[in-house]
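So you can see what is in the structure, the chains are spelled out below.
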Amino acid sequence: MVSVVLGHVAGCCERIQHMATDPNQTQADLPPWRRTLDDGSPYWTKHYQPGVPAEIELPTKPLTTLLETAVREGGSHVATDFFGAEMTYRQLGDRVARAAEGLRRLGVRAGDRVALLLPNCPQHLIAFYAVLRLGAVVIEHNPLYTAPELERLFEDHGARVAICLDSAIHTLDELPTYARPATVVSVNLIKALPKRLQLALGLPVPALKKKRAALSSGTKGTISWEKLIKHRPLSRRFPRPDVHDLAVIQYTSGTTGSAKGAMLTHFNLYSNARQGEAWMLGAEPRRETSYAVLPMFHAFGVTMHTTFGVLKQSRQVLFPKPDTAMILDAWHKHPASIYCVVPILYQRTAEGARDRGQSLASARWCISGAMALPEETRELWESVSSGLLVEGYGLTEASPVALGNPFFPTRVSGTIGVPFPSTLMKVVEVDDPSREVGVDEPGELLIKGPQVFQGYWRDPETTSDTLVDGWLRTGDVVTVDNEGFTTIVDRKKEIIITGGFNVSPSEVEQVLKQHEGIDDVAVVGLPTERGDEEVVAAVVPAEGFELNDDELRTWAKQSLAAYKVPRHFIKVDELPRSLLGKVLRGEVRKQIAHK
């Protein structure tokens, strides 16, 4: 796969130029992805901000080089700021080396999988690079997942070591023996706070006791994070991973409808960080402050904060949860210049700043992702900040960013923009990827570039369906205008996008069908004013049962993360089905939308 990607990307312009030489067609007759400029660059690069290259320099070293460079060039610069507790890049490098040695002594070897179940905190960044330094593979997990959700994932990837927020360890304890990791390192967030806050949380005040409980809990039978990093640093002579080695397995239901582990190499993730660097032209090393609000266990957060943030040697202000008041309070002390979040957070942050009379003029680079960006949100944000808010597009299988609107007046609001540097795209018939469509005709978006993943972990069949001759089938149905700007119009797969997270309707349905009061169920997404969707279940009650929404939600939360639990349960007499008995979710969506 890597050789295919390298071959296509290295000859990007030549290949497009070759595609455009059909003797029966002129450039004007071709769709934008087959056109080139006079210098052979892809046609859409004419819309790039001046200075953004058509192609990036492809990485030749592993991701760990990012941190080593940051330590060497900006060792005294602040790497993380966690409620005022600062850690420099030199300190980060030292703690990574000590954590790596601790993991080595626990038996972690190159190629082993290590699960991380952590919010945004200094320990998360340290653990990420410590695992990679050993040549092992990071598996990111949402620490709020339930035991049934984690059981399926741990059974698949087989990690025997987990680094876990101590308040989530009880969930790992609930896993069956075959899925439970043999060794768990417990992380207490309180110990990463400034001393003054640690002392304050120790006071016998009911409100503080509640906060303390939310940040920490029992850790019986685990190894403390503090013990892990007490070891001497890992030897500098310890072998480093190769640029094409597997770095991260990121679980997603984005293109497949069920959770699959997307395999991302050092090359994939490093390339995407460099693509982001090229796109955010003008962002300077050691001069930027980036707010890490996106979860670092999410694909967008991985690239923005564990790779791109370190590449730019930024001060990263870490937020364990997306609390708007907390974000605005931090803005007073260290205003953000890079603020990449989802639309609802742009809306809430802008509204909060407006209500406070607070300036957000420091924000210059803002990319919205994970869901559609409402025009009113864009306008509101730009009225309180100093830069453009542009919409981007990505998916886990692309590390994740593939397209974006330029930070330039050429951007087209309401679209997802044009391909990033070193990225190719084309649009094909939904049922036949060998046949391309024309301008403004709907079809499936296919992309190719150095950020495209290597396939799904232990699933060659789904991999072969998703990667076709090096092209990633995204599952998104789009149209492309004559200038090359792309608009999403539908999805092949019935994934629900809520709050920036993907929800598989099938997964939620499987859980709800276990309830004795539900005879049949179909789960769909309905649009919200925020630009995303909310999870809604159409349920056929079992005979003799009266269903209560609140009771159903409480019951469902035992098996599903909160964002997957339906916001509404709509009672119906029956579900529409095809002649073969398949539930027609599109019809369900139409029927319940007015309710």
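Student: Sorry, what's going on with the packing of aromatic side chains here?
Tutor: Geometry of an aromatic ring pair is reported as the spacing of the ring centres plus the angle between the planes. One pass over the full model with this rule turns up 14 aromatic pairs. Aromatic pair Y48 and W279: ring centres 5.0 Å apart, planes at 85 degrees, arrangement edge-to-face. A residue pair is termed long-range when its members are at least 10 positions apart, and Y48 in the loop between helix 2 (12-19) and helix 3 (64-74) and W279 in helix 11 (residues 266-279) qualify at 231 residues. Across the pair, exposure class does not vary: Y48 and W279 are buried alike. Through pairs of rings, three or more aromatic residues link up here, namely Y291, F319, W331, Y339, Y346 and W381.

Student: Looking at this model, I keep getting lost on helix 5 (residues 122-133). Mind explaining?
Tutor: End to end, helix 5 covers 17 Å across 12 residues, agreeing with the expected 16 Å (1.5 Å per residue, within 8%). All buried positions along helix 5 are accounted for by P122, Q123, H124, L125, I126, A127, F128, Y129, A130, V131, L132 and R133.

Student: Looking at this structure, I do not really get the sheet that holds strand 9 (residues 260-265). What am I missing?
Tutor: In any sheet, the strands associate via hydrogen bonds between backbone groups, in a parallel or an antiparallel arrangement. If you trace the 7 strands from one edge of the open sheet to the other, you get 7-6-5-3-4-8-9, paired in mixed fashion. The open sheet terminates on both sides in strands that have one partner only, identified here as strand 7 (223-224) and strand 9. Of the strand pairs in this sheet, strand 4 (residues 137-141) and strand 8 (residues 246-252) are connected by 3 bridges, and their pairing is parallel. In the sheet register, I139 faces strand 8, and the bridge partner there is I249.

Student: Would you explain the packing of helix 11 against helix 12 (residues 299-311) in this entry?
Tutor: How two helices sit against one another is set out by the angle between their axes and by the gap between those axes. Direction vectors running N to C along helix 11 and helix 12 enclose 70 degrees, while the axes themselves pass 9 Å from each other. Comparing their axes, helix 12 and helix 11 come out roughly perpendicular. Two secondary-structure elements touch here, helix 11 through L269, N272, A273, R274, G276 and E277 and helix 12 through V302, T303, T307, F308 and L311.

Student: Sorry, what's going on with the environment of K493 here?
Tutor: Mapped onto the elements of the fold, K493 is located in the loop between strand 21 (486-491) and strand 22 (496-498). Its relative accessible area of 35% is what places K493 among the partly exposed residues. Note: C-alpha distance between K493 and V477 (16 residues apart in sequence) is 9.8 Å.

Student: I'm lost on the packing of helix 3 against helix 4 (residues 89-105) in this one. Help?
Tutor: Running from N to C, helix 3 and helix 4 point in directions that differ by 140 degrees, and their axes come no closer than 8 Å. Classified by the angle their axes make, helix 3 and helix 4 are oblique. Two packed elements cross with a definite hand, and for helix 3 against helix 4 that hand is left-handed. Residue-level inspection shows L67, A70, V71 and G74 of helix 3 in contact with helix 4, the latter providing Y89, R90, L92, G93 and V96. Each residue belonging to the contact of helix 3 with helix 4 can be placed in one class, and the counts come to 6 nonpolar, 2 polar and 1 charged.

Student: I would appreciate a short explanation of unusual backbone geometry in the present structure.
Tutor: The linkage connecting S399 with the following residue, P400, adopts the cis geometry, with an omega of 0 degrees. Here P400 shows up in the loop between strand 13 (389-394) and strand 14 (401-404). Even without glycine at this site, R286 takes up a positive phi of about 65 degrees. Tracing the backbone through its elements, the reader meets R286 in the loop between helix 11 and strand 10 (289-292). For R286, a relative accessible area of 33% corresponds to the partly exposed category. Here R458, not a glycine, exhibits a phi torsion of approximately 55 degrees, which is positive.

Student: I keep staring at the nonpolar core and nothing clicks. Help me out?
Tutor: Inside soluble globular proteins, nonpolar side chains tend to come together where they are buried. Residues I163, M280, Y291, Y339, W381 and I447 are the most contacted members of the largest nonpolar core, which totals 118 residues. With 8 residues, the top contributor of residues to this core is helix 5. Setting aside residues up to four positions removed in sequence, I163 forms contacts with L103, V114, A115, L116, L117, L118, A127, V185, V187 and W225. Counting 23 residues, the second-largest nonpolar core is a separate cluster that includes A147, I169, A179 and V184.

Student: What should I look at first to understand the side chain of H266 in this one?
Tutor: Checked against the element boundaries, H266 lands in helix 11. The residues contacting H266, other than those within four sequence positions of it, are P62, L63, L132, P241, D242, V243, D245, L246 and A247.

Student: Any chance you could explain the state of the cysteines here in plain terms?
Tutor: In a disulfide, the sulfur atoms of two cysteines are held together by a covalent bond. A complete count under the given rule lists 0 disulfides for this structure. C121 provides the cysteine sulfur closest to C164, a residue in no disulfide bond, and the two sulfurs are 11 Å apart. C164 gets classed as buried once you look at its relative accessible area, which sits at 0%. Between C340, a free cysteine, and C366, which holds the nearest cysteine sulfur, the sulfur-to-sulfur gap is 6.5 Å.

Student: Would you mind going over the pattern of salt bridges with me for this structure?
Tutor: Side-chain pairs of opposite charge can arise whenever the charged atoms involved come near each other. One pass over the full model with this rule turns up 27 salt bridges. A salt bridge links K46 to E483; the nearest nitrogen and oxygen atoms lie 3.5 Å apart. With a gap of 437 residues between them, K46 in the loop between helix 2 and helix 3 and E483 in the loop between strand 20 (471-480) and strand 21 connect regions that are remote in the sequence. A relative accessible area of 42% means that K46 is categorised as partly exposed.

The rules behind the values
Residues numbered from 1 in each chain as written. Predicted model: local features only at pLDDT ≥ 70, side-chain atom pairs only at ≥ 80, totals over all residues. Heavy atoms only, no water. Phe/Tyr/Trp six-rings, centres within 6.5 Å; stacked < 30°, edge-to-face > 60°. Helix = DSSP H or I, 4+ residues; strand = E, 2+ residues; numbered from the N terminus. Buried < 20%, exposed > 50% of the residue type's maximum accessible area, 1.4 Å probe, protein only. Expected span 1.5 Å × (residues − 1). Pairing = 2+ DSSP bridges. Axes fitted to C-alpha atoms, helices over the stretch in contact; angles between N-to-C directions. Parallel < 35°, antiparallel > 145°, perpendicular 65-115°, else oblique. Contact = heavy atoms within 4.5 Å. Left-handed = near helix turned anticlockwise from the far one by under 90°. Nonpolar A, V, L, I, M, F, W, Y, C, P; charged D, E, K, R; others polar. Core = buried A, V, L, I, M, F, W, Y, C linked by side-chain atoms within 4.5 Å. Disulfide = S-S within 2.5 Å. Salt bridge = Lys/Arg side-chain N within 4 Å of Asp/Glu carboxyl O.

In short, the description is geometric, and any link to function would need to be established separately.
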